[in-house]
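Descriptive analysis of the structure
One-letter residues, chain by chain:
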Amino acid sequence: MATPFLAGLAIAAAALAGRYGIHAWQAFKTRSPKPRVRRFYEGGFQPTMTKREAALILGIRESATPDQVKDAHRKVMVANHPDAGGSHYLASKINEAKDVMLGKGKRSGSAF
């Protein structure tokens, strides 16, 4: 007497699990594709650095405060400092980006 009841319960549980699986699969298929890795700005440096390019280099918004600019500059410089195996060219571009974001004097571009 308990065997048919347990069999029916097992069939009902399998049906509910299958229904849940189908709904989950359909939701997975209809979701919008999102990049799994951070997308980086493609392309080289502009001849004269703009505020947009400077913000992209430092990883901040164009409307960032001077404190945010200094913190972002410090973090990027630590990762790319020439004494730690980084490139002199990139270090000069990072410094130029900081100067552009802080509104310091117009520079004629990188030393390189």
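Note: the structure precedes this text.
Residues numbered from 1 in each chain as written. Predicted model: local features only at pLDDT ≥ 70, side-chain atom pairs only at ≥ 80, totals over all residues. Heavy atoms only, no water.

What follows concerns the overall build of the protein chain. Counting secondary structure elements, the protein chain contains 4 helices and 0 strands. Ordering the α and β elements of the protein chain from the N terminus gives α-α-α-α. Of the roughly 8,900 Å² that the protein chain leaves accessible, carbon and sulfur atoms contribute 60%. (Helix = DSSP H or I, 4+ residues; strand = E, 2+ residues; numbered from the N terminus. Areas by Shrake-Rupley, 256 points an atom, 1.4 Å probe, with all protein chains shown as cover.)

Helix length check: helix H3 (residues 66-80), at 15 residues, gives a terminal C-alpha distance of 21 Å against a target of 21 Å (1.5 Å per residue), a fit within 8%. Inspection of H3 places Val-69, Ala-72, His-73, Val-76 and Met-77 among the buried residues, and these make up the whole buried set. On an axial view of H3, the arc spanned by its buried residues comes to 130 degrees, and they lie on one face. Facing away from the buried side of H3, by more than 90 degrees, are the exposed residues Asp-67, Arg-74, Lys-75, Val-78 and Ala-79. Looking at the buried side of H3, the elements it contacts are helix H2 (51-58) and helix H4 (88-102). (Expected span 1.5 Å × (residues − 1). Buried < 20%, exposed > 50% of the residue type's maximum accessible area, 1.4 Å probe, protein only. Arc of directions from axis to C-beta. Contact = heavy atoms within 4.5 Å.)

On to the nonpolar core. Counting residues in each nonpolar core, the largest one holds 13 residues, and the members touching the most others are Ala-54, Leu-58, Val-69, Ile-94, Ala-97 and Met-101. Contributions of two or more residues to this core are made by H2, H3 and H4. With residues near it in sequence (within four places) discarded, Ala-97 still touches Met-49, Ala-54, Ile-57 and Leu-58. (Core = buried A, V, L, I, M, F, W, Y, C linked by side-chain atoms within 4.5 Å.)

Taken together, the side chains of Phe-5, Leu-6 and Leu-9 define a hydrophobic patch exposed on the protein surface, amounting to about 340 Å² of accessible area. Tracing the sequence through the fold places Leu-6 in helix H1 (residues 2-30). We classify Leu-6 as exposed; its relative accessible area is 51%. (Patch = residues over 30% accessible without salt bridge, like charges linked within 9 Å, V, L, I, M, F, W, Y side chains within 5 Å. Salt bridge = Lys/Arg side-chain N within 4 Å of Asp/Glu carboxyl O.)

Moving on: the pattern of salt bridges. Between side chains of opposite charge, a pair can form when the charged atoms approach closely. Applying the stated criterion across every chain yields a total of 2 salt bridges. A salt bridge links Arg-74 to Asp-71, with the nearest nitrogen and oxygen atoms 3.1 Å apart. Of this pair, Arg-74 and Asp-71 both sit in helix H3, 3 residues apart, roughly one helical turn.

Attention now moves to the environment of Pro-82. With respect to the element layout, Pro-82 can be found in the loop between H3 and H4. Spatially, the C-alpha atom of Pro-82 lies 9.8 Å from that of Ser-92, the residues being 10 residues apart in sequence. Setting aside chain neighbours within four positions, we find Pro-82 in contact with Met-77, Ser-87, His-88 and Ala-91.

Glancing now at H2. Turning to H2, its buried residues are Glu-53, Ala-54, Ala-55 and Leu-58. In this fold, the buried residues of H2 make contact with H3 and H4. A positive backbone phi angle near 75 degrees is found at Gly-59, which sits one or two residues after H2.

Packing of H2 against H4 brings their axes to within 9 Å, and their N-to-C directions diverge by 125 degrees. With respect to each other, H2 and H4 are oriented oblique. In this structure, the crossing between H2 and H4 has a hand that is left-handed. Packed against H2, whose contacting residues are Lys-51, Ala-54, Ala-55, Ile-57 and Leu-58, the element H4 presents Lys-93, Ile-94, Ala-97, Lys-98, Val-100 and Met-101 at the interface. (Axes fitted to C-alpha atoms, helices over the stretch in contact; angles between N-to-C directions. Parallel < 35°, antiparallel > 145°, perpendicular 65-115°, else oblique. Left-handed = near helix turned anticlockwise from the far one by under 90°.)

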